[in-house]
There are 2 protein chains.
Amino acid sequence: MPPRRTPASRRDRPAKPPLSRAGVVAVALRILREEGLEKVTMRRLAGELDTGPSSLYVYLQNMAEVHGAVLDALLADLPMPDPATTKDPRGALTDLLTAYTGLLFGYPSLARSVLALWPSGPNYLRLIDTTIALLDALGVPPRQASWGFDVLLQYATATAAEQATRDESDDSDREWDGLTEAIGRAPGREYPAIARHRDDLFSGTPEQKLRWTLTALINGVAGTPA
Amino acid sequence: MPPRRTPASRRDRPAKPPLSRAGVVAVALRILREEGLEKVTMRRLAGELDTGPSSLYVYLQNMAEVHGAVLDALLADLPMPDPATTKDPRGALTDLLTAYTGLLFGYPSLARSVLALWPSGPNYLRLIDTTIALLDALGVPPRQASWGFDVLLQYATATAAEQATRDESDDSDREWDGLTEAIGRAPGREYPAIARHRDDLFSGTPEQKLRWTLTALINGVAGTPA
DNA sequence: ACCTGAACACCGTTCAAGT
DNA sequence: ACCTGAACACCGTTCAAGT
């Protein structure tokens, strides 16, 4: 029997590295950054790794797991404060949540997918741990911190996900912001509260609103006995 | 030229009602209730209406619009308090948001889709209007009510959407609750805050948590100057 | 155990051609 | 204007058969 060798069809091509979970995730991350989540498909990943789509299922259970792994990889770049030494836990928490929101704003369709996931990678756990620790440092009672952390993270994610809907529609399409349109047009006879608040509803920059909302969430979590 | 008549292939079959947006939405709603959102596809809708999928695009721009229309149809059943006469606006607001969450809990994958939408149908506008009016009645300053209403609605939607992930996995699959697993296993050396709060993180029923969170959100919105 | 090609069972949307 | 069939351009996942 002849020794096993690379098949002729592969000879003189760059050696094909062995498949691995990390390798698949690395390719997924690159495609996400360069072309967006929509292009991260099992077929595309397989193609880039010079194999068939079914081979990926050895390393990842399904597409949701790919998305979760990609989120965790992105979170590695999120600067984490040290809750034990920070002098301004409230500012550090706001900054952390703002940074997390900003990161997801760069990948709104990933944010959308993450809402349907329960991310559980090591970097997401670190984000949870730091959020809870900062609430502790703020003097929030433990049960409130435990029940409150995911309101904070969920709001950040949902805010970025909302952005996805905007990004998908083109400017020429007047439906892109159906709710703003609808609020603007809502007849005062039928929707008196909307009519009364029309100016306030459209006031403020997205940054101002985000900052206010995060503050309101922290205040609510800190000030509401469980 | 002979008069136009129903083609032979349709004779003796029940008369085919003319297509309409309302008709499409009604079928979508029935399929949603009986079989879930996953079965509400353009091809299925077309099949039930005895036509081809392309015909639906005369009445609805895309699948997102179908989902939005279905949500609005469901909201017709949501009991709305009258903000002008209610004596306990805080209780009424909590009840309204709890009822909205409960309604979406029945259709978690719709909730997931709604997060990516900006619903703008008449019944959703009514929900917004009532929420703002109840915040007014609570004495919340107008700008805070204007900025705060969507935190409340978004939380309700996101909470129901989270449920979708659970529903999709079967019991035998231990991954169904990856985050709870991960939190339970998180080593205390690396995640000290999680370890410290382990008991509180798993405490409380979903109902208790929902009630507390809604209260915390209302408190935060009411008590944080914009 | 790992890897594969091919198949299964679908999707949403567009388009040219009718009526 | 409304409606259509067929096509376009894909999907995720499974499975039997390899190595």
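Preceding this paragraph is the structure being described.
Residues numbered from 1 in each chain as written. Chains lettered and ligands numbered in written order. Predicted model: local features only at pLDDT ≥ 70, side-chain atom pairs only at ≥ 80, totals over all residues. Heavy atoms only, no water.

1. Some points on the overall build of chain A
Right, on to step 1. Along chain A, the regular secondary structure elements total eleven helices and zero strands.
Right, on to step 2. Ordered by position from the N terminus, the helices and strands of chain A form the series α-α-α-α-α-α-α-α-α-α-α.
Right, on to step 3. Each of the 226 residues in chain A was classed as buried or not, and the buried ones make up 47%.
Right, on to step 4. When contacts within chain A are restricted to residue pairs at least 6 apart in sequence, those whose partners lie at least 24 apart make up 70%.
Right, on to step 5. Of the roughly 11,300 Å² that chain A leaves accessible, carbon and sulfur atoms contribute 51%. (Helix = DSSP H or I, 4+ residues; strand = E, 2+ residues; numbered from the N terminus. Buried < 20%, exposed > 50% of the residue type's maximum accessible area, 1.4 Å probe, protein only. Contact = heavy atoms within 4.5 Å. Areas by Shrake-Rupley, 256 points an atom, 1.4 Å probe, with all protein chains shown as cover.)

2. Focus: the relation of the copies chain B and chain A
Right, on to step 1. Of the transformation superimposing chain B on chain A, the axial component is 0.0 Å and the angular component is 180°, with the fit at an RMSD of 0.0 Å. With respect to symmetry, the two chain copies, as superposed, fit the operation of a two-fold axis. Every residue of chain B has its C-alpha some distance from the rotation axis, and the shortest such distance is that of Gly220 of chain B, at 1.9 Å. (Least-squares fit on C-alpha atoms with pLDDT ≥ 70 in both.)

3. What to know about the protein's contact with DNA strand C
Right, on to step 1. Contacts to DNA strand C come from 17 residues, most closely from Lys16, Thr51, Ser54 and Tyr59 of chain A together with Arg43 of chain B.
Right, on to step 2. Considering the 4 Å shell around the protein, atoms of DNA strand C inside it are sugar or phosphate in 47% of instances.
Right, on to step 3. Between DNA strand C and the protein, one listed contact pairs a phosphate oxygen with a side-chain N or O atom of Ser55 of chain A at 3.0 Å.
Right, on to step 4. Listed by contribution, the elements that provide at least two residues to the surface near DNA strand C are helix H2 (42-48) and helix H3 (53-56) of chain B. (Near = heavy atom within 4 Å. Polar contact = N/O pair within 3.5 Å; in protein donor to acceptor, adjacent residues only side chain to side chain.)

4. With respect to the packing of helix H4 (residues 89-105) of chain A against helix H11 (residues 206-223) of chain A
Residue and element names in this part refer to chain A.
Right, on to step 1. At a minimum axis distance of 11 Å, the contact between H4 and H11 shows a crossing angle of 125°. As the angle between them shows, H4 and H11 are arranged oblique. In terms of crossing hand, the pair formed by H4 and H11 is right-handed. Contact residues: Arg90, Leu93, Thr94, Asp95, Leu97, Thr98 and Thr101 in H4; Leu210, Arg211, Leu214, Thr215, Ile218 and Asn219 in H11.
Right, on to step 2. Split by residue class, the contact of H4 with H11 holds five nonpolar, five polar and three charged. (Axes fitted to C-alpha atoms, helices over the stretch in contact; angles between N-to-C directions. Parallel < 35°, antiparallel > 145°, perpendicular 65-115°, else oblique. Left-handed = near helix turned anticlockwise from the far one by under 90°. Nonpolar A, V, L, I, M, F, W, Y, C, P; charged D, E, K, R; others polar.)

5. Some thoughts on the pattern of salt bridges
Right, on to step 1. Counted under the stated rule, the structure contains 16 salt bridges over all chains.
Right, on to step 2. The partner of Arg21 of chain A in a salt bridge is Glu65 of chain A, and the shortest N-O contact between them spans 2.6 Å. You can see Arg21 of chain A sitting in helix H1 (residues 21-35) and its partner Glu65 of chain A sitting in helix H3 (residues 63-75), a full 44 residues away along the chain.
Right, on to step 3. The exposure class assigned to Glu65 of chain A is partly exposed, which follows from its relative accessible area of 26%.
Right, on to step 4. When the shortest N-O distance is used, the salt bridge between Asp136 of chain A and Arg196 of chain B registers 2.7 Å. (Salt bridge = Lys/Arg side-chain N within 4 Å of Asp/Glu carboxyl O.)

6. Re the protein's contact with DNA strand D
Right, on to step 1. Near DNA strand D you find 18 residues, and of these Arg43 of chain A together with Lys16, Thr51, Ser54 and Tyr59 of chain B are the closest.
Right, on to step 2. Among the atoms of DNA strand D close to the protein, meaning within 4 Å, 46% are from sugar or phosphate groups.
Right, on to step 3. Here a phosphate oxygen of DNA strand D and a side-chain polar atom of Thr41 of chain A are 3.5 Å apart.
Right, on to step 4. Residue assignment for the surface near DNA strand D shows that the elements contributing at least two residues are helix H2 (42-48) of chain A together with H3 of chain B.
Right, on to step 5. Of the residues that constitute the surface near DNA strand D, the class distribution is six nonpolar, seven polar and five charged.

7. Points about the environment of Thr94 of chain B
Residues and elements named next belong to chain B.
Right, on to step 1. Within the secondary structure, Thr94 is located in helix H5 (residues 89-105).
Right, on to step 2. In sequence terms Thr94 and Glu181 are 87 residues apart; their C-alpha atoms lie 31 Å from each other.
Right, on to step 3. For Thr94, the side chain forms a polar contact with the main-chain oxygen of Arg90, separated by 2.9 Å.

8. Some thoughts on the interface of chain B and chain A
Right, on to step 1. Contacts between chain B and chain A engage 66 residues on the former and 65 residues on the latter.
Right, on to step 2. In total, chain B and chain A occlude about 5,500 Å² of area from one another, counting both sides; carbon and sulfur atoms represent 64% of this.
Right, on to step 3. Inspection of the chain B/chain A interface yields four salt bridges.
Right, on to step 4. Taken together, the connections running from chain B to chain A amount to 20 residue pairs in polar contact (both at pLDDT 80 or more).
Right, on to step 5. Of all the elements, helix H8 (residues 142-168) of chain B adds the most residues to the side of chain B that touches chain A, at 17 residues.
Right, on to step 6. Among the residues making up the side of chain B that touches chain A, the classes are represented as 33 nonpolar, 19 polar and 14 charged. (Buried area = accessible area lost by both parts, 1.4 Å probe.)

9. Points about the environment of Thr213 of chain A
Right, on to step 1. In this fold, Thr213 of chain A is placed in helix H11.
Right, on to step 2. Take Thr213 of chain A: its relative accessible area is 3%, and that puts it in the buried class.
Right, on to step 3. As a C-alpha pair, Thr213 of chain A and Leu152 of chain A span 61 residues in sequence and 9.7 Å in three-dimensional space.
Right, on to step 4. Residue contacts for Thr213 of chain A: discarding those within four places in its chain leaves Tyr155 of chain A together with Val151 of chain B.

10. Description of the packing of aromatic side chains
Right, on to step 1. According to the stated counting rule, one finds two aromatic pairs over all chains in the structure shown.
Right, on to step 2. Measuring from centroid to centroid gives 5.9 Å for Trp147 of chain A and Trp212 of chain B, while their planes differ by 70°, and the two rings are edge-to-face. Placement of the pair is Trp147 of chain A in helix H7 (residues 142-168) and Trp212 of chain B in helix H12 (residues 206-223), with the two residues belonging to separate chains. Taken as a pair, Trp147 of chain A and Trp212 of chain B share a single burial class, namely buried. (Phe/Tyr/Trp six-rings, centres within 6.5 Å; stacked < 30°, edge-to-face > 60°.)

11. A closer look at H4 of chain A
Right, on to step 1. For H4 of chain A, built from 17 residues, the straight-helix expectation of 24 Å at 1.5 Å per residue is met to within 8% by its first-to-last C-alpha distance of 24 Å.
Right, on to step 2. Those residues of H4 of chain A that sit buried are Pro89, Gly91, Ala92, Leu93, Thr94, Leu96, Leu97, Tyr100, Thr101, Leu103 and Leu104 of chain A. (Expected span 1.5 Å × (residues − 1).)

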